[in-house]
Amino acid sequence: MNALLDVILPVFLIIGAGYVAAWRAIVDEAAVDGLMKFAQNFAVPCLLFRSISRLDLAQSFDPSLLASFYIGAIGAGAIAYFAARIFFDRSPPEAVAIAFVASFSNSLLLGLPITERAYGPDALTANYAIIAVHSPILYSLGITLMEVARSQGVSKFALSRRVVDSILHQPLVIGILAGFIVNIGGLPLPNVVNSAVDMMVRAAIPAALFGLGGILLRYRPEGDMKTITMLCSLTLFVHPIITYGLGRFVFALSLDQLRSAVVTAAMAPGVNAFLFANMYGVAKRVAASTVLIATAVLILTAWGWLHILP
């Protein structure tokens, strides 16, 4: 019960405050969109920049950690793709969007604060290692598969250029790359820059969670419940089960690594899952409904995972 009250509910109270504020028209859609743009395009990239720039890269980027998490993510996505094609008769582009929803857990806006509240800020090193390659890996794979499904006859060079352009225009990726440049290059930052970045970082998670609540009001569950139920099961159970099994019994991760990997894997799909579907105009209703329903159910499933973890 303490995990539910002390760790999970404070995060969802901020999300709920954003939801109620949007529902009661205390903030309008334009304000919510502006807040999310600030969080996703500026504050959260600053958070990733600061975290990556200060990581001990040799210790943090353990291949076993990344393999435990991303085998689970890609495995869940593969199950979703073939189920969408075989059982739900979806087109290849729709199936790719559905697979992306199954793979793209909300590692940043939910995984980070829940891990921090459960295990403390010192336990976040593995979270940042996972997050640092989260968008590059999953967007690269998702965009490549989508472009292959949609662009028959396009040259490999044109396809590669389209994928790279799409990835490099992501603000989160820009923040991550800038952090790597500062870290690897050993570049000192002036105190005034550090102070400004720290101010942005303090606003990142609360602003993003509040904005997420406002965004979720728009994602009303509609139809396709079999597909949505499958996606909720894959994101909240299958992905973390695979990650837990690999991390504990195959790769023998440290306790901190195992906690970070499983908690991150157990998160509901992020808003980016809907944005990906919306960008290509396919499976938007399924993606939106899954984000909303899985985020609500996460209150209980996250509590369960925190009790299962040692």
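Please read all numbers here as calculations on a predicted model, not as lab measurements. (Residues numbered from 1 in each chain as written. Predicted model: local features only at pLDDT ≥ 70, side-chain atom pairs only at ≥ 80, totals over all residues. Heavy atoms only, no water.)

Chemist: Is there a simple way to explain unusual backbone geometry in this structure?
Modeler: Leaving glycine aside, a negative phi is the common case for residues, and trans is the common case for peptide bonds. One non-glycine residue, Ala-25, lies in the positive phi region at around 60°. Along the chain, Ala-25 falls in the loop between helix 1 (2-23) and helix 2 (29-54). On the basis of relative accessibility, which here comes to 60%, the residue Ala-25 falls in the exposed class. Residues other than glycine seldom take positive phi values, yet Ala-283 does so here, at roughly 55°. Turning to its location among the elements, Ala-283 is positioned in the loop between helix 13 (271-280) and helix 14 (284-308). (Helix = DSSP H or I, 4+ residues; strand = E, 2+ residues; numbered from the N terminus. Buried < 20%, exposed > 50% of the residue type's maximum accessible area, 1.4 Å probe, protein only.)

Chemist: Honestly, helix 6 (residues 107-119) in this entry has me stumped. Any pointers?
Modeler: Spanning 13 residues, helix 6 covers only 16 Å between terminal C-alpha atoms, well under the ideal 18 Å at 1.5 Å per step. Residues Ser-107, Leu-108, Leu-109, Leu-110, Gly-111, Leu-112, Pro-113, Ile-114 and Thr-115 constitute the buried set of helix 6. Positioned one or two residues after helix 6, Gly-120 has a phi angle of 95°, which is positive. (Expected span 1.5 Å × (residues − 1).)

Chemist: Could you clarify how one ought to interpret the packing of aromatic side chains in this entry?
Modeler: In total, this model carries 10 aromatic pairs according to the counting rule given. Centroid distance Phe-100 to Phe-104: 5.1 Å. Interplanar angle 20°. Geometry classified as stacked. Here the two residues Phe-100 and Phe-104 agree in accessibility, since each one is buried. A network of ring pairs unites the aromatic residues Phe-100, Phe-104, Tyr-139, Phe-276 and Tyr-280 as a single cluster. A cation over a ring is seen here: Arg-24 above Trp-23, with NZ or CZ 5.3 Å from the ring centre. (Phe/Tyr/Trp six-rings, centres within 6.5 Å; stacked < 30°, edge-to-face > 60°. Lys NZ or Arg CZ within 6 Å of the ring centre and 35° of its normal.)

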